[in-house]
Amino acid sequence: FDKLCKQFDIGRMTVPVWNEAARIYAENRRKGQSIEDADLFIAAFCIVNDYVLVTSNTKHFDVIDGLKIENWI
């Protein structure tokens, strides 16, 4: 992932991203909701970098507070 990000200058999995992932995980666990690991890190990365997540799979991400989502389909 880091190699891909370096190639396209997208970003990196930084400590703030890991911290945000931990926050999302804990918040959703408190609510009794589960989230796949990959979705968790995608969401954390987007939140920390103030990105909008474009996906047609919005149901996986609707449970994450603070995540901006757009469905282009």
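This text goes with the structure placed above it.
In this report, we go over the structure that sits alongside the text. All residue numbers refer to positions counted from 1 along the written sequence of the respective chain. Local features in this predicted model are restricted to residues of pLDDT 70 or higher, and side-chain atom pairs are both shown and tallied only at a pLDDT of 80 or more, whereas totals for entire chains, interfaces and linings draw on every residue. Excluded from the side-chain calculation are hydrogens and water; included are all heavy atoms of the structure.

Moving on: the packing of helix 2 (residues 15–30) against helix 3 (residues 37–48). To get an axis, a line is fitted to the C-alpha atoms, and for a helix only the part in contact is used. The angle between two axes follows their N-to-C directions and goes from 0 to 180 degrees. The secondary structure listing takes helices from DSSP runs of H or I that are at least 4 residues long and strands from runs of E that are at least 2 residues long, numbered from the N terminus. Contact pair helix 2 / helix 3: the axes reach a minimum separation of 8 Å and the direction vectors enclose 120 degrees. Classified by the interaxial angle, the pair formed by helix 2 and helix 3 is oblique. Of the two possible hands of crossing, helix 2 and helix 3 adopt the one that is right-handed. For the pair helix 2 and helix 3, contact is made by Pro16, Val17, Trp18, Glu20, Ala21, Arg23, Ile24 and Tyr25 and by Leu40, Phe41, Ala43, Ala44, Phe45, Ile47 and Val48, respectively. Residue classes follow a fixed rule: Ala, Val, Leu, Ile, Met, Phe, Trp, Tyr, Cys and Pro count as nonpolar, while Asp, Glu, Lys and Arg count as charged, and any other residue, Gly among them, counts as polar. Residues of the contact of helix 2 with helix 3, tallied by class, amount to 13 nonpolar, no polar and two charged. An angle counts as roughly parallel when it lies under 35 degrees, as roughly antiparallel when it exceeds 145, as roughly perpendicular when it falls between 65 and 115, and as oblique in every other case. Definitions for this section: a left-handed crossing has its near helix turned counterclockwise from the far helix by less than a right angle. A right-handed crossing has that turn clockwise. In what follows, a contact means two residues having at least one pair of non-hydrogen atoms within 4.5 Å.

Salt bridges are counted wherever a side-chain nitrogen of Lys or Arg sits within 4 Å of a carboxyl oxygen of Asp or Glu. Counted by the stated rule, this structure contains five salt bridges. With a closest N to O distance of 2.5 Å, Glu20 and Arg23 form a salt bridge. Residue Glu20 and its partner Arg23 are located together in helix 2, separated by three residues, close to a single helical turn. Here Asp50 ties to Lys68 by a salt bridge, and the two come within 2.4 Å at their closest N and O atoms. With Asp50 in the loop between helix 3 and strand 1 (52–54) and Lys68 in strand 2 (residues 68–70), this pair connects stretches of sequence that are 18 residues apart. The cut-offs for exposure are 20% and 50% of the maximum accessible area for each residue type, with area from a 1.4 Å probe on protein chains only; residues under the lower value are buried, those over the upper are exposed, and the others partly exposed. Take Asp50: its relative accessible area is 53%, and that puts it in the exposed class.

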